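Topology and contacts: notes
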Amino acid sequence: MDLFHKEPILKDCSLWRCSPLKPKTKGVVKADEGEIYDIELDVNILKANEKLAEENKKTLSEYGVTAVDVMGSIGSGKTSLIEKMIEILRDRYRISVFKGDLTTTIDAEMIAKHGVESVPINTGKECHLDANLVSKALRKIDLSKIDVLFIENVGNLICPADFPLGSEKRIIVISVTEGPYMIIKHPFIFMDADVVAINKIDLAQAMEVDINKLKLDVGSINPKAVPVPTNCRTGEGVPEIVKALGL
Amino acid sequence: MTTQIVESILKEADKRQAKRVMEVDLIVGSLTFLNPDQLRFWFGVLAKGTILEKSHLRIKSKEGTVRCLQCGFEGILNCVDDPVYHIPVPTLLCPKCRNVVEIVDGKECTIKSIKMVI
């Protein structure tokens, strides 16, 4: 036998047809048709808004702007409170207001009469503002030209609690004309509040509502929230609100 | 909210070219404004005509849990009895040291898992 003419051992093996330079993959495992896939998603639907709210907070902080959420029931006096706060603060701060409403710009125009820039945010049929809408509105104003931003939410004591906007402080406005149970009926929104304005105190007697009980209700739900009785038509209590907000 | 949930699931199913979604596991925090019965109703309505139709929706409720930064207490969100109206009112008061607790859980709406047919 010629030593230099070795017969290939694997002559009949199909491996002869493989190119030795190609890596040998084991073949991709695919699901067969009709197979069931069980996937762990762990997707928190509310997280997307929280993330945007954090971004808004960061943007506001970069420009040194203090943003205050103004929330509360329909007709409780949110816009009136903002107007009175503007009267007190305008000499010390440059102020802007975001006004959330379903479709009209009535309130935004009322605020604009004070000579303060007012951006209406129409939510359409949505019952609350969200961080996305606020983010869009932030791009419409020059943040370097303001110090304080009031964000007035749509009148609602339920949904806004689940949608942080990125503000530094939160004030909830309720009024005695809503009756004595308004606070204990909606505890969750008060858990996020820094200040609670109990408005229309001039009507408390007519409504047979005990303002002190309402203050106690705030304290039993959230001891950190500061309850302040107000009359936003005369301005009574508004200086205390401003102080409680740290402005 | 239900629309967002349905859209998220359809997006995920579309990624894997699923033919049908069989089961959906949802966790709803008790501190959200979401009502599981309402969610279930609207889920059924929105799923019609999609690959989610006839899928089995399981909703698990998650209790609100709190933590006290002062004394370290951790537990379920407490309720106090209102002295005037005698109804339970949720409170951020720590049951141990009377300081203010922070909420650590119960504010989410999570799609935990989905089972689909490829």
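This text follows the structure it describes.
A quick note: this is a predicted structure, and the numbers were derived from the prediction, not measured. (Residues numbered from 1 in each chain as written. Chains lettered and ligands numbered in written order. Predicted model: local features only at pLDDT ≥ 70, side-chain atom pairs only at ≥ 80, totals over all residues.)

Moving on: the overall build of chain B. On a plain count of helices and strands, chain B comes out with two helices and eight strands. Taken from N to C terminus, the helices and strands of chain B fall in the order α-β-α-β-β-β-β-β-β-β. A globule of 118 residues ought to have a C-alpha radius of gyration of about 13 Å, yet chain B, at 19 Å, is considerably larger. Within chain B, buried positions represent 25% of all 118 residues. Long-range pairs, those at least 24 residues apart, make up 74% of the contacts in chain B with a sequence separation of at least 6. (Helix = DSSP H or I, 4+ residues; strand = E, 2+ residues; numbered from the N terminus. Rg over C-alpha atoms; globule rule 2.2 N^0.38 Å. Buried ≥ 20, exposed ≤ 12 C-beta atoms within 10 Å, placed from the backbone. Contact = placed C-beta atoms within 7 Å.)

All names here are of chain A. A sheet is described by the order of its strands in space; here seven strands give the open sequence β4-β3-β5-β2-β6-β7-β8, paired in parallel fashion. At either margin of the open sheet sits one strand with a lone partner, and together these are β4 (117-122) and β8 (226-229). In this sheet, adjacent strand axes meet at a mean angle of 20° when their direction is disregarded. Relative to strand β5 (residues 148-152), strand β3 (residues 95-101) runs parallel, the two being bridged by five bridges. Across the sheet, residue S96 finds its bridge partner in β5, namely L149. (Pairing = 2+ DSSP bridges. Axes fitted to C-alpha atoms, helices over the stretch in contact; angles between N-to-C directions.)

In an α-helix there are 3.6 residues to a turn, and that puts residues three or four apart on one side. Here helix α2 (residues 36-47) of chain B spans 16 Å end to end across twelve residues, near enough to the 16 Å set by a 1.5 Å rise per residue. Where α2 of chain B ends, the next residue or the one after it, G49 of chain B, has phi of about 80°, a positive value. (Expected span 1.5 Å × (residues − 1).)

The next thing to look at is the interface of chain B and chain A. Frequently, the measure chosen for interface size is the accessible area removed from exposure when the parts meet. With 33 residues of chain B at the contact, the number on the chain A side is 29 residues. Those elements that place two or more of their residues in the side of chain B that touches chain A are α1 (2-15), β6 (88-91) and β8 (109-117) of chain B. For the side of chain B that touches chain A, the element with the most residues is β8 of chain B, which contributes nine residues. Looking at the side of chain B that touches chain A residue by residue, the classes come out as 21 nonpolar, six polar and six charged. In terms of strand pairing, strand β1 (residues 36-44) of chain A meets β8 of chain B through seven bridges, oriented antiparallel. Following the sheet pairing, E40 of chain A is matched in β8 of chain B by S113 of chain B. (Nonpolar A, V, L, I, M, F, W, Y, C, P; charged D, E, K, R; others polar.)

Residues and elements named next belong to chain A. Among the residues of helix α4 (residues 131-138), those classed as buried are A131, L133, V134, A137 and L138. On an axial view of α4, the arc spanned by its buried residues comes to 160°, and they lie on one face. Looking at the buried positions of α4, the neighbouring elements they touch are α1 (47-62), β3, β4 and β5. (Arc of directions from axis to C-beta.)

Here we come to the packing of α1 of chain B against α2 of chain B. Residue and element names in this part refer to chain B. Following both chains from N to C, one finds α1 and α2 inclined at 50°, their axes separated by 9 Å at the closest point. Considering their axes alone, α1 and α2 lie oblique with respect to each other. Of the two elements, α1 crosses α2, and the hand of that crossing is right-handed. Residues T2, T3 and V6 of α1 form the contact with α2, whose own contacting residues are L39, W42, F43, L46 and A47. Partitioned by chemical class, the residues of the contact of α1 with α2 number six nonpolar, two polar and no charged. (Parallel < 35°, antiparallel > 145°, perpendicular 65-115°, else oblique. Left-handed = near helix turned anticlockwise from the far one by under 90°.)

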